[in-house]
Amino acid sequence: MNKLPYEDQLKELEKLAPELIKKEKKEKKVALPELPDAERGKVVTRFPPEPNGYLHIGHAKAAIIDHEYARMYDGKFILRFDDTNPENEDIIFYDAQREDLRWLGIEWDHEYNTSDNLGRHYQFALQLINQGNAYVCTCHPEEIRKNRFRGIECKCRKRDVDENKELWERMQSDLPQGKAILRLKGNMKSENTAMRDPTLFRIVEAEHPIHGDNYRVWPTYDFAGAVEDSIGGVTHPFRTKEYELRDEVYFYILDKLGLRKPYLMEFSRLDIEGMPVSKRLIKPLIEEGKVEGYDDIRLPTLRALKRRGIQPEAIKQFVLSQGISKVESKITFDQIEAINRKIIDPVAKRYFFVSNPVKVIVENAPEIEKDLKLHPTEDIGYRRIKTKNIFYISKDDANKYKVKDKVRLKDLYNIEITRVNNVIHSKFIGKELIPGVDKIQWVTDEHVETLILKPNPLFKNGKYNEKSLERIRGYAETAVKSVNIGGILQFERFGFVKIEKKEKEKIIGVFIHK
RNA sequence: GCUCCCGUGGUGUAGUCCGGCCAAUCAUUCCGGCCUUUCGAGCCGAAGACCCGGGUUCAAAUCCCGGCGGGAGCACCA
């Protein structure tokens, strides 16, 4: 078999096991490109979130890529909480983020907090000071900013090692926040402004969620990130493009410290049209009550996506299809929807739902009791319905028909419209399918009131979209009551819906997508 | 202002490092058709792109130069 040319092998395979070919195609599509300098079993990646909020789709991209590469090479994947700014971190987010990751289907081989390593960071700081590669700067922040912009060195840069050591000690004890920082002795004339003596450590008085007030001097991202990647054994760290200018700092620090240099890579940020990821934009909307919270179905947080019925697998496939390029793109949500639809379509039970119901009375209506399939192609069972002479159809459908029009109540029988006022009067005209006649969904007198929340883009033209949340009211067939909370179904010709809440006489669902 | 990154159909991506097999991949959207007791899924078909201008070369999406456009950085946030 293997001696045959590839084409012939494929043909043979198609005869023997066609499903294998399809699978092969699918997997090919979602595979990430090979990693440079990667050896099977030796790749180590890491996902380093700051525990300062709920994870969103942007984090998911990073986490999935990191995780996927580790698995691809039978390597190791580390979850590292980059909790080096006590002012921002909150204990609840360590757990919340773990939960979000698990939902995504990501497991990690090792977990730790950067804050647990502060002792080592101090040692490295001291090493830099002793080597003359770092100095304590006591200039005013504004002054530092200006000098950096102009490329001018300040007087602090000339301090000798002993004085720096003494000030470094005093940073740990009595120097107030904002009065002193430890800076890397880079190059104030460098074209890369990131190299103009970046801050390595600063004083933060705030209480840390894990370490309380044990420490008051905290490393910055530049320092902690580089050091942790290196001593953590990470071989292929990824980060988003906006850090690119900091690569030089990253390697410079490791170089001066004599530490191993990982293969650092960057990719573009994920930007979804109408779905802001930034807390700066979201927080005010929550405070003003315009969105419910961080799980509001219009948001791109993982919690919102979950609530909205987006499957973790869809997010994964989507992220992998995006790859690791540096091209900035504004993706539209329908790409995620398309993937999600393919996943849920085969398992979503079909039911009838009519929005803005209009009553239909049928003359000579036969009383019928029958079973309707829960899925047109998959064998997932039936639901039983009973009909008399009263029906409801959606207003959108009702508006289309006039007297003498023939319509088929789907899966039931045909009617002809006889009179239209507040209600539609009609008569039974037979059970045989009539070619070319519209088939519409309906519910009977026995139905359940249903409210569907439908998310639309939160922002339009950069402004809050007042119509970002639609509420669609209607009736669903009673069988829907048996669907569990969290269950995903399809209201035929309406769209996929996730059941969110079941009250006594009312069901609330979330519109997933068409 | 300076520096860096990016620029492939409507959208997203592959290809760009190591020029030819690229009259350019795949997906999505849109359009047409088939199928279907859903306007979903599936199937078939169609349309649609290498930012612009020079240069190098037998040959450029790919290399070089210059524009233009977009993004990022110039934090004691990450």
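The structure displayed is predicted, hence computed values, not measured ones.

Conventions used here
Residues numbered from 1 in each chain as written. Chains lettered and ligands numbered in written order. Predicted model: local features only at pLDDT ≥ 70, side-chain atom pairs only at ≥ 80, totals over all residues. Heavy atoms only, no water. Helix = DSSP H or I, 4+ residues; strand = E, 2+ residues; numbered from the N terminus. Buried < 20%, exposed > 50% of the residue type's maximum accessible area, 1.4 Å probe, protein only. Contact = heavy atoms within 4.5 Å. Areas by Shrake-Rupley, 256 points an atom, 1.4 Å probe, with all protein chains shown as cover. Lys, Arg positive; Asp, Glu negative; His and termini not counted. Charge placed at Lys NZ, Arg CZ, Asp CG, Glu CD. Domains from an automatic or database assignment. Buried area = accessible area lost by both parts, 1.4 Å probe. Near = heavy atom within 4 Å. Polar contact = N/O pair within 3.5 Å; in protein donor to acceptor, adjacent residues only side chain to side chain. Pairing = 2+ DSSP bridges. Axes fitted to C-alpha atoms, helices over the stretch in contact; angles between N-to-C directions. Phe/Tyr/Trp six-rings, centres within 6.5 Å; stacked < 30°, edge-to-face > 60°. Parallel < 35°, antiparallel > 145°, perpendicular 65-115°, else oblique. Left-handed = near helix turned anticlockwise from the far one by under 90°. Nonpolar A, V, L, I, M, F, W, Y, C, P; charged D, E, K, R; others polar.

S.K.: Quick rundown of the overall build of chain A? Include the residues and the values.
M.R.: When helices and strands are counted, chain A shows 14 helices and 29 strands. Expressed along its principal axes, the backbone C-alpha trace of chain A runs to roughly 100 × 70 × 35 Å. Across the 514 residues that make up chain A, the buried fraction comes to 50%. Long-range pairs, those at least 24 residues apart, make up 68% of the contacts in chain A between residues at least 6 apart in sequence. About 25,900 Å² of surface is accessible on chain A, with carbon and sulfur atoms providing 48% of the total. Side-chain charges in chain A split into 91 positive and 84 negative, and the spacing between the mean points of these groups amounts to 4 Å.

S.K.: Before we move on, can you summarise the domain arrangement of chain A with the specific residues and values?
M.R.: Entries for chain A in the domain assignment read domain 1 (35-136 + 159-178 + 199-267), domain 2 (268-344) and domain 3 (349-513). Relative placement of domain 1 and domain 2: their C-alpha centres are 26 Å apart. With 26 residues of domain 1 at the contact, the number on the domain 2 side is 25 residues. Roughly 2,500 Å² is buried in total at the junction of domain 1 and domain 2, and carbon and sulfur atoms are behind 69% of that figure. It is Ile-57, Lys-61 and Trp-103 that lose the most area in domain 1 upon contact with domain 2, and together they represent 32% of the buried surface on that side.

S.K.: How would you summarise the protein's contact with RNA strand B if you had to cite specific residues and measurements?
M.R.: With respect to spatial proximity, 55 residues lie near RNA strand B, and among them Arg-202, Glu-328, Arg-350, Lys-410 and Arg-493 are the closest. Counting only the atoms of RNA strand B that lie within 4 Å of the protein, the sugar and phosphate share comes to 69%. Within the side chain of Ser-329, an N or O atom sits 3.0 Å from a phosphate oxygen of RNA strand B. Lys-342 is positioned with one of its side-chain polar atoms (N or O) 2.5 Å from a phosphate oxygen of RNA strand B.

S.K.: I'd like to hear about the sheet that holds strand β1 (residues 44-47), residue by residue, with values.
M.R.: Read across the sheet, 3 strands follow the order β1-β2-β3 without closing on themselves; strand pairing throughout is parallel. Every other strand in the sheet has two partners, leaving β1 and β3 (110-113) as the edge strands with one partner each. Across the sheet, the mean angle separating the axes of adjacent strands is 25 degrees when strand polarity is ignored. Direction of pairing for β1 relative to strand β2 (residues 76-81): parallel, over a ladder of 4 bridges. If you follow Arg-46 over to β2, its bridge partner there is Ile-78.

S.K.: An account of the sheet that holds strand β29 (residues 506-513) is needed here, citing residue identities and associated values.
M.R.: Two pairing modes exist for strands in a sheet, parallel and antiparallel, and in both the strands are linked by backbone hydrogen bonds. Read across the open sheet, the 7 strands follow the order β12-β27-β28-β29-β23-β26-β13; overall the sheet is mixed. Each edge of the sheet is formed by a strand with only one pairing partner; in this case those strands are β12 (349-351) and β13 (353-355). Put simply, the sheet's adjacent strands are angled 40 degrees from each other on average, direction ignored. Two elements, strand β28 (residues 495-503) and β29, share 7 bridges in a ladder whose sense is antiparallel. In the sheet register, Lys-502 faces β29, and the bridge partner there is Ile-507.

S.K.: So what's going on with the side chain of Asn-192? Which residues, and what values?
M.R.: Summarising the element assignment, Asn-192 is placed in the loop between β5 (181-184) and β6 (199-203). Filtering out sequence-adjacent residues up to four positions away, Asn-192 remains in contact with Leu-245 and Glu-248.

S.K.: An account of the packing of aromatic side chains is requested, with residue identities and associated values reported.
M.R.: Per the counting criterion, the structure on display carries 22 aromatic pairs. Considering the side-chain rings of Tyr-122 and Trp-168, the 5.7 Å spacing of their centres and the 85 degrees angle between planes classify their relative orientation as edge-to-face. Taken together, the residues span a long stretch of sequence, with Tyr-122 in helix α5 (residues 118-131) and Trp-168 in helix α7 (residues 161-172) at a distance of 46 residues. Residue classification places Trp-168 among the buried positions, given a relative accessible area of 3%.

S.K.: Could you give an account of the environment of Phe-223, with specific residues and numbers?
M.R.: Mapped onto the elements, Phe-223 comes out in helix α8 (residues 221-231). Looking at Phe-223, the relative accessible area reads 0%, which means it is buried. Separated by 72 residues in sequence, Phe-223 and Gly-151 have C-alpha atoms that sit 21 Å apart.

S.K.: Summarise the packing of α5 against α7; cite the residues concerned and give the values.
M.R.: Two elements in contact, α5 and α7, have axes separated by 9 Å at closest approach and are oriented at 155 degrees. By the angle between their axes, α5 is roughly antiparallel relative to α7. For the element pair α5 and α7, the recorded crossing hand is right-handed. For the pair formed by α5 and α7, the contact residues are Tyr-122, Ala-125, Leu-126, Ile-129 and Asn-130 on the first element and Val-161, Asn-164, Lys-165, Trp-168 and Gln-172 on the second. Here the contact of α5 with α7 is composed, by residue class, of 6 nonpolar, 3 polar and 1 charged.

S.K.: An account of the pairing of β28 is requested, with residue identities and associated values reported.
M.R.: Two strands pair when backbone bridges link them, and strand β27 (residues 488-491) and β28 are joined in this way by 4 bridges, in the antiparallel orientation. Note on β28: the bridge partner recorded for Gln-490 is Phe-496.

S.K.: Explain helix α9 (residues 247-257) to me, using residue names and the numbers behind them.
M.R.: Taken residue by residue, α9 has Asp-247, Val-249, Tyr-250, Ile-253, Leu-254 and Leu-257 as its buried positions. Buried residues along α9 sit in contact with α5, β5, β6, α8, β8 (238-240) and β9 (265-267). Within two residues after α9, Gly-258 carries a phi angle of roughly 70 degrees, on the positive side.

S.K.: Got a sec to walk through unusual backbone geometry? Specific residues and values, please.
M.R.: A positive phi angle, near 55 degrees, is found at Asn-364, a position not held by glycine. One can find Asn-364 in the loop between β14 (357-363) and β15 (368-373). Even without being a glycine, Arg-493 presents a positive backbone phi close to 60 degrees. Position of Arg-493 among the secondary structure elements: in the loop between β27 and β28.

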